[in-house]
Every structure is written in C-alpha cells, then in structure tokens.
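Here is how the chains run, residue by residue.
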Amino acid sequence: MVKGMNRMSGLTPYRQELRERILKAAMSEFFEKGIKAVKMDDIARRLSISKRTVYEIYSNKEELLLEGMKAAEQEFDEYIREFSEQDNHDVMDTLIEFYNCQAQRLSNMSPQFLDEVQKYERVRTYLENKHKERDEDAFNFINRGVKEGFFRADINYHIVAEVARETVSFAMTSQLYKEHGMQMVFRNIILLFIRGICTLHGLKMLERIE
C-alpha cells in the first residue's frame, strides 16, 4: 500500500491524468469482457500508449483492478451520502436513488466479471471490509427511516441484515446471475427485503421503482 502511495505522490500532472485514463479504460474493459479476457496490451492499445507505460504506472492487473474497485466504491458512497444529506430528500428518495444507481452499475457488469472478481484475494478482502464498514451507516439509515415513518419499528434489523447477507452470498456462490442476470437478481432480492420492512406509507412511496 505504501509503495503504491509513494508511486502516486511522485507522479507529474500528466502521469496522474494518464493514470486516471488507464483506470477508467481498464474498468470499462473488465466490466464488459471479464477480467481474465483483458490483457494489459488491450488497455495500452485502447489508449494508444505502450504496454511499458501501463506497467510503469500499474505493476500488475490486480493492482489496477483493486484501485479501480476502490475508486468506484468511493465515488458511489460519496454520491449517495451527498444525495441523502440534501434537505429535500427523505429516506425513500435515497433508497430509490440507491436502487437505481446499483441497477445501472450492475447492468454494465458481465457475468464473467462478477465471477472472476472474487478470485482476486486483495480485491475480495477489500470488498468484504467495505461491506462491513457500510453496516453502521445502514443501521443509521434504517433508524432514520423508522423515525420518518417509512420503515416498521417492530422488526429486528440485525436479523434482517444477516439474512440479506446470506441471501446475497447464496446468489453469488450459486451464480444465479449467469441464468437471470445480476440486475434481475438484485431487483428481486432488494425488493423482497425492502417491501418486508416498509410501513404502508413506505410501500406507497416504493411504487415509484416497481
């Protein structure tokens, strides 16, 4: 990690801009074709630069993938947080925006990418830790929804969260997305749990995404 940070701190503005271009191009290729199918040569060719230049900035494919996933997750978290903090957005507005953004992200991910990303240990560990970090934010969000009258107050949300995690884990390990597409799997899972925790008022608002 320190090595990567040192490499970044020594980049010229041109190299920093090139680094971002490489990252954007690589993630686009990974999402569309899967990780294994994309070579560093392909990324270099897409940007009309040499493979050596790519390796000078990213030493290997896993480093490139890890930084790309971190950038994507950070951008998503920041966007949802800013959306949620706007005075004219209540919990259901945020929930619907979260659903729409996730559905859009998943529509751009091939089954190959979803299958292969779990095979990179550093990336898998990062995503697992990221999901744990989000748990506290999720419970704060639920408590806000209860106070605003959108979510039921008679539910143990720790149990719901645990069941939801196991459901997502089953969907991934059984590779349901290969048959139905991850966007459809996500829709069915999230709507099942959201409908279960909503009050009648919340259900009425939820009709905007159904």
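Residues numbered from 1 in each chain as written. Predicted model: local features only at pLDDT ≥ 70, side-chain atom pairs only at ≥ 80, totals over all residues. Heavy atoms only, no water.

### Here's the deal with the state of the cysteines
Working definition: the covalent bond between the sulfur atoms of two cysteines is a disulfide. Put simply, the rule is: Count a disulfide wherever a pair of cysteine sulfur atoms falls within 2.5 Å. Under the scheme applied here, a residue whose accessible area is under 20% of the maximum for its type counts as buried, over 50% as exposed, and between as partly exposed, the area being computed with a 1.4 Å probe on protein chains only.
This structure, assessed with the given rule, holds zero disulfides. Cys101 carries a free sulfur, and the closest cysteine sulfur to it, the one in Cys198, is 18 Å from it. The exposure class assigned to Cys101 is buried, which follows from its relative accessible area of 19%. With a relative accessible area of 5%, Cys198 lands in the buried category.

### Here's the deal with the packing of aromatic side chains
Stated formally: The criterion for an aromatic pair is that two Phe, Tyr or Trp rings (for Trp, the six-membered ring) have centres within 6.5 Å, with stacked assigned to planes under 30 degrees apart, edge-to-face to planes over 60 apart and tilted to the rest. Secondary structure elements are taken from DSSP: a helix is a run of H or I of four residues or more, a strand is a run of E of two residues or more, and numbering for both begins at the N terminus.
Per the stated rule, a full pass over the model turns up five aromatic pairs. With a centroid separation of 5.6 Å and 20° between ring planes, the pair formed by Tyr99 and Phe186 is classed as stacked. Note that Tyr99 is positioned in helix α6 (residues 91-107) and Phe186 in helix α11 (residues 182-197), a separation of 87 residues in sequence. In this pair, the class of Tyr99 matches that of Phe186, namely buried.

### Observations concerning a negative patch on the surface
The cut-off we apply is this: Patch membership is restricted to residues that have no salt bridge and whose relative accessible area is over 30%. Joining uses 9 Å for like charges and 5 Å for the nonpolar side chains Val, Leu, Ile, Met, Phe, Trp and Tyr. Computed by Shrake-Rupley with a 1.4 Å probe, the accessible areas treat only the displayed protein chains as cover when residues are assessed. Any carboxyl oxygen of Asp or Glu within 4 Å of a side-chain nitrogen of Lys or Arg constitutes a salt bridge here. Charge assignment in this entry is limited to Lys and Arg as positive and Asp and Glu as negative, and neither His nor the chain termini are counted. Where a charge lies is defined by one atom per residue type: Lys uses NZ, Arg uses CZ, Asp uses CG and Glu uses CD.
Negative charge collects at one region of the surface, where Glu75, Glu78, Glu82 and Glu85 lie side by side. By secondary structure assignment, the location of Glu85 is in helix α5 (residues 61-85).

### Quick look at unusual backbone geometry
With phi around 60°, Ser48 is a residue other than glycine that occupies positive phi space. In this fold, Ser48 is placed in the loop between α3 (40-47) and α4 (51-57). Of the residues examined, Ser48 reaches a relative accessible area of 67% and is grouped as exposed. Within the chain, Gln175 stands out as a residue other than glycine whose phi angle is a positive 55°. Topologically, Gln175 is positioned in the loop between α9 (157-173) and α10 (176-180). What makes Gln175 partly exposed here is its relative accessible area of 27%.

### Side note on the packing of α5 against α6
Basically, it comes down to this: Helix axes use the C-alpha atoms of the stretch in contact, all axes being lines fitted to C-alpha atoms, and the angles between their N-to-C directions lie in the range 0 to 180 degrees. Here the word oblique covers every angle except those under 35 degrees (roughly parallel), over 145 (roughly antiparallel) and from 65 to 115 (roughly perpendicular). Each helix crossing is assigned a hand: it is left-handed if the near helix lies turned anticlockwise from the far helix by less than a right angle, otherwise right-handed if that turn is clockwise. Any pair of residues with heavy atoms lying within 4.5 Å of one another is described as a contacting pair.
In the contact formed by α5 and α6, the axes pass within 9 Å of each other and the chain directions differ by 155°. Judged on the interaxial angle alone, α6 and α5 are roughly antiparallel. The hand of the α5/α6 crossing is right-handed. Seen from α5, the contacting residues are Ala72, Glu73, Phe76, Tyr79, Ile80, Phe83 and Ser84; seen from α6, they are Asp93, Thr94, Glu97, Phe98, Cys101, Gln102 and Arg105.

### Let's talk about the side chain of Ser84
Residue position: Ser84 is located in helix α5. Here Ser84 is in contact with His89, Thr94 and Arg144, once residues within four sequence places are set aside.

### Looking at the packing of α6 against α11
Our working definition: Under the grouping applied here, Gly and all other residues not named as nonpolar or charged are polar, the nonpolar ones being Ala, Val, Leu, Ile, Met, Phe, Trp, Tyr, Cys and Pro and the charged ones Asp, Glu, Lys and Arg.
Remark: α6 packs on α11, axes separated minimally by 9 Å, with the N-to-C direction vectors making an angle of 160°. For the element pair α6 / α11, the angle class is roughly antiparallel. The handedness of the crossing between α6 and α11 comes out as right-handed. When α6 is examined against α11, the residues Leu95, Phe98, Tyr99, Gln102, Ala103, Leu106 and Ser107 are found in contact with a partner set consisting of Met182, Gln183, Phe186, Arg187, Ile190 and Ile194. When its residues are assigned to classes, the contact of α6 with α11 shows nine nonpolar, three polar and one charged.

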